[in-house]
Amino acid sequence: MKLRRVLSLSAASAALLPVAVAAAPASQAAPDADVPTCYDLDTAHGQYHGNTLVGRTFGVPRSITPGTGWTTYTATLTNASAKKLRSFELSAELGSYVYNEGERDLSPYGDLQYWDTSRHAWTTLRRADGKAGGTVPGPTTLEPRASVHVQLRFRVGGDLPMDQTYDAFTGVVGTFVDHYRDTDCSAHGNADGSFFPHKA
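Residues numbered from 1 in each chain as written. Predicted model: local features only at pLDDT ≥ 70, side-chain atom pairs only at ≥ 80, totals over all residues. Heavy atoms only, no water.

Q: An account of the overall build of the chain is requested, with residue identities and associated values reported.
A: Counting its secondary structure elements, the chain contains two helices and 11 strands. Each helix and strand of the chain, ordered N terminal to C terminal, gives the series α-β-α-β-β-β-β-β-β-β-β-β-β. For the chain, the proportion of its 200 residues judged to be buried stands at 45%. Of the roughly 9,900 Å² that the chain leaves accessible, carbon and sulfur atoms contribute 51%. (Helix = DSSP H or I, 4+ residues; strand = E, 2+ residues; numbered from the N terminus. Buried < 20%, exposed > 50% of the residue type's maximum accessible area, 1.4 Å probe, protein only. Areas by Shrake-Rupley, 256 points an atom, 1.4 Å probe, with all protein chains shown as cover.)

Q: Can you explain the nonpolar core? Please cite residues and give values.
A: Among the nonpolar cores identified, the biggest contains 36 residues, and Leu-106, Leu-112, Leu-152, Val-172 and Phe-195 are the most heavily contacted of them. At the level of elements, β4 (71-79), β5 (86-97), β6 (110-116), β9 (147-156), β10 (167-180) and β11 (183-197) are the ones that each hand at least two residues to this core. When residues in this core are grouped by element, the largest group, five residues, is from β9. (Core = buried A, V, L, I, M, F, W, Y, C linked by side-chain atoms within 4.5 Å.)

Q: Give me the lowdown on the sheet that holds strand β3 (residues 63-64), citing residues and values where you can.
A: Strands sit in the order β3-β11-β10-β5-β8 across an open sheet of five strands; the sheet is mixed. For this open sheet the edge positions go to β3 and β8 (133-136), each flanked by a neighbour on one side alone. Bridge count for β10 against β11 is 13 bridges, and the pairing is antiparallel. Directly across from Gly-174, in β11, lies its bridge partner Gly-189. (Pairing = 2+ DSSP bridges.)

Q: Run through unusual backbone geometry, naming residues and quoting values.
A: The backbone of Ser-87 sits at a positive phi, close to 50 degrees, despite the residue not being glycine. Within the secondary structure, Ser-87 is located in strand β5.

Q: Would you mind going over the pairing of strand β7 (residues 121-125) in detail, with residue names and values included?
A: Sheet topology note: the β6/β7 ladder contains five bridges and is antiparallel. If you follow Gln-113 over to β7, its bridge partner there is Thr-124. The antiparallel pairing of β6 with β7 creates a hairpin that spans four residues between the two strands, and His-120 there sits at a positive phi of about 50 degrees.

Q: Give me the lowdown on the pattern of salt bridges, citing residues and values where you can.
A: In total, this model carries nine salt bridges according to the counting rule given. When the shortest N-O distance is used, the salt bridge between Arg-119 and Asp-116 registers 3.3 Å. Each of Asp-111, Arg-126 and Arg-155 takes part in salt bridges that share partners, so that together they form one network. (Salt bridge = Lys/Arg side-chain N within 4 Å of Asp/Glu carboxyl O.)

Q: Can you tell me about the environment of His-49, naming the residues and giving the values?
A: Of note, His-49 is situated in the loop between α2 (38-41) and β2 (53-58). Judged by relative accessible area, His-49 falls into the exposed class, the value being 52%.

Q: Tell me about the packing of aromatic side chains, and please be specific about residues and values.
A: A full pass over the atoms with the stated rule returns five aromatic pairs. Between Tyr-73 and Phe-154, the ring centres sit 5.9 Å apart and the planes meet at 70 degrees, which makes this aromatic pair edge-to-face. In this pair, Tyr-73 sits in strand β4 while Phe-154 sits in strand β9, placing the two residues 81 residues apart along the sequence. Like Phe-154, Tyr-73 is buried. Members of the aromatic cluster, connected to one another through ring pairs, are Tyr-73, Phe-154 and Phe-195. The cationic tip of Arg-153 hangs over the ring face of Trp-70; the distance from NZ or CZ to the ring centre is 4.2 Å. (Phe/Tyr/Trp six-rings, centres within 6.5 Å; stacked < 30°, edge-to-face > 60°. Lys NZ or Arg CZ within 6 Å of the ring centre and 35° of its normal.)

Q: For the side chain of Ser-147, give the residues involved together with the corresponding values.
A: Within the fold, Ser-147 resides in strand β9. On the basis of relative accessible area, Ser-147 is assigned to the buried category, the value being 0%. Within the structure, the side chain of Ser-147 is placed 2.6 Å from the side chain of Thr-78, a separation counted as a polar contact. (Polar contact = N/O pair within 3.5 Å; in protein donor to acceptor, adjacent residues only side chain to side chain.)

Q: Account for the state of the cysteines, naming residues and giving values.
A: If you walk through the whole model with that rule in mind, you get one disulfide. A sulfur-sulfur distance of 2.0 Å marks the disulfide that ties Cys-38 to Cys-185. Where Cys-38 bonds to Cys-185 through sulfur, the torsion about that S-S bond is close to 90 degrees, and the disulfide is right-handed. In this pair, Cys-38 sits in helix α2 while Cys-185 sits in strand β11, placing the two residues 147 residues apart along the sequence. Judged by relative accessible area, Cys-38 falls into the buried class, the value being 0%. Judged by its relative accessible area of 0%, Cys-185 is buried. (Disulfide = S-S within 2.5 Å.)

This is how it looks when you write it as structure tokens:
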């Protein structure tokens with residue numbers, strides 16, 4: 001899933017919100033694959049607003065040099081609605097947007113880890129297709145005005161081919177089940193930061 005940039009919540013107001021920190025692996029009630037997305041239900045009406053989750057990141061630089069080690073950052077998702085979010089699931093991503101045929105994704109050349117607070121250790125996220133990313137343990141519900149914080153770190157290998165420009169990103173996605181037009185449907189919110197790899 002490609003992350004979509006979202007508006008950030010101010011640090012001042014976020015400091016007043018309850019906190020749920022991503023912790024030890026726990027059973028996650030992910031939205032069922034058969035549940036339609038709220039955005040698909042909305043194609044003819046234009047009324048569903050994907051602003052339930054507000055995201056922000058701290059520590060993702062505007063540019064990095066491949067092969068120079070880890071960059072640590074924090075991603076936060078806040079439930080800005082008055083409803084409790086059900087079947088909440090967190091995932092994290094590292095990659096780049098591919099706009100044209102022949103362009104490559106940065107993800108296979110990078111590493112992404114989250115801080116496991118129960119083991120006090122960094123845990124690597126890697127998908128079966130070789131891309132950096134995966135599910136991050138966290139709460140299965142999110143109360144109104146509550147926030148979840150995830151500490152992550154990433155690096156891009158020195159073997160990244162620099163024969164193209166990469167519009168790269170890293171961050172978290174929160175997915176949940178909502179109820180819209182008398183139907184249960186899935187929706188999401190993102191907290192991501194953008195960066196551009198450059199030669200040393």
